[in-house]
Amino acid sequence: QLVESGGGLVQAGGSLRLSCAASGRTFSSYSLGWFRQAPGKERNFVAAISAFTGNPNYADSVEGRFTISRDDAKNTVYLQMNSLKPEDTAVYYCAAVRNIALMHTTGGYDYWGQGTQVTVSS
């Protein structure tokens, strides 16, 4: 089970830190990702961090503003979001995937959280 937290309402230019805590199993061997879905749009890749090496990957739209990290001792993945823009408004989901080759693919993930709302006002 994956449970996100940390969402909320923030003004443009502000920051939020999302957390995703895993329970029921250890996810240290899984790559972990964040996706987002705005109303009426498809769910899109935001960032992912690989298992073992911890290499991060970002969507172009968040590169330089968002930072993904993981703490395997706490079974938790984080998404630090800075310089937020109104277009970042969406429900943010964390997910876990065993096959690292599918890390950027929405359909490839094995486990998903329920999502947390992030709203950025202009």
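Each remark here, short or long, concerns the structure printed above.
Worth saying up front: this structure is predicted, and the values here are computed from it rather than measured.

About the cut-offs
Residues numbered from 1 in each chain as written. Predicted model: local features only at pLDDT ≥ 70, side-chain atom pairs only at ≥ 80, totals over all residues. Heavy atoms only, no water. Salt bridge = Lys/Arg side-chain N within 4 Å of Asp/Glu carboxyl O. Helix = DSSP H or I, 4+ residues; strand = E, 2+ residues; numbered from the N terminus. Buried < 20%, exposed > 50% of the residue type's maximum accessible area, 1.4 Å probe, protein only. Core = buried A, V, L, I, M, F, W, Y, C linked by side-chain atoms within 4.5 Å. Pairing = 2+ DSSP bridges.

What follows is about the pattern of salt bridges. All chains considered together, the criterion is met by 3 salt bridges. Note that arginine 65 is salt-bridged to aspartate 88, the shortest N-O span being 2.8 Å. Taken together, the residues arginine 65 in the loop between β6 (56-58) and β7 (66-71) and aspartate 88 in the loop between β8 (76-81) and β9 (90-97) connect sequence positions 23 residues apart. Given the relative accessible area of 11%, arginine 65 is considered buried. In this structure, aspartate 72 and arginine 70 form a salt bridge, with 2.9 Å as the shortest nitrogen-oxygen distance. Classification of arginine 70 as buried rests on a relative accessible area of 18%. A network of salt bridges, in which partner residues are shared, links Arg36, Arg65 and Asp88.

Counting residues in hydrophobic clusters, the biggest one holds 36 residues, and the most contacted among them are Trp34, Leu79, Met81 and Tyr92. Put simply, the parts of the chain that give this core at least two residues each are β3 (16-22), β4 (31-37), β5 (44-49), β7, β8, β9 and β11 (116-121).

Here we take up unusual backbone geometry. One non-glycine residue, phenylalanine 52, lies in positive phi territory at about 70°. Under the relative-accessibility criterion, phenylalanine 52 is labelled exposed at 71%. A positive phi angle, close to 55°, is found at asparagine 75, a residue other than glycine. By secondary structure assignment, the location of asparagine 75 is in the loop between β7 and β8. Residue classification places asparagine 75 among the buried positions, given a relative accessible area of 16%.

This paragraph deals with the pairing of β11. Residues Thr116, Val118 and Val120 point to one face of β11 and are all buried, whereas Gln117, Thr119 and Ser121, pointing to the other face, are not buried. The sheet contact formed by strand β2 (residues 8-11) and β11 spans 4 bridges and is parallel. Residue pairing in the sheet places leucine 9 in a bridge with threonine 119 of β11. Two elements, β9 and β11, share 3 bridges in a ladder whose sense is antiparallel. Following the sheet pairing, alanine 90 is matched in β11 by valine 118.

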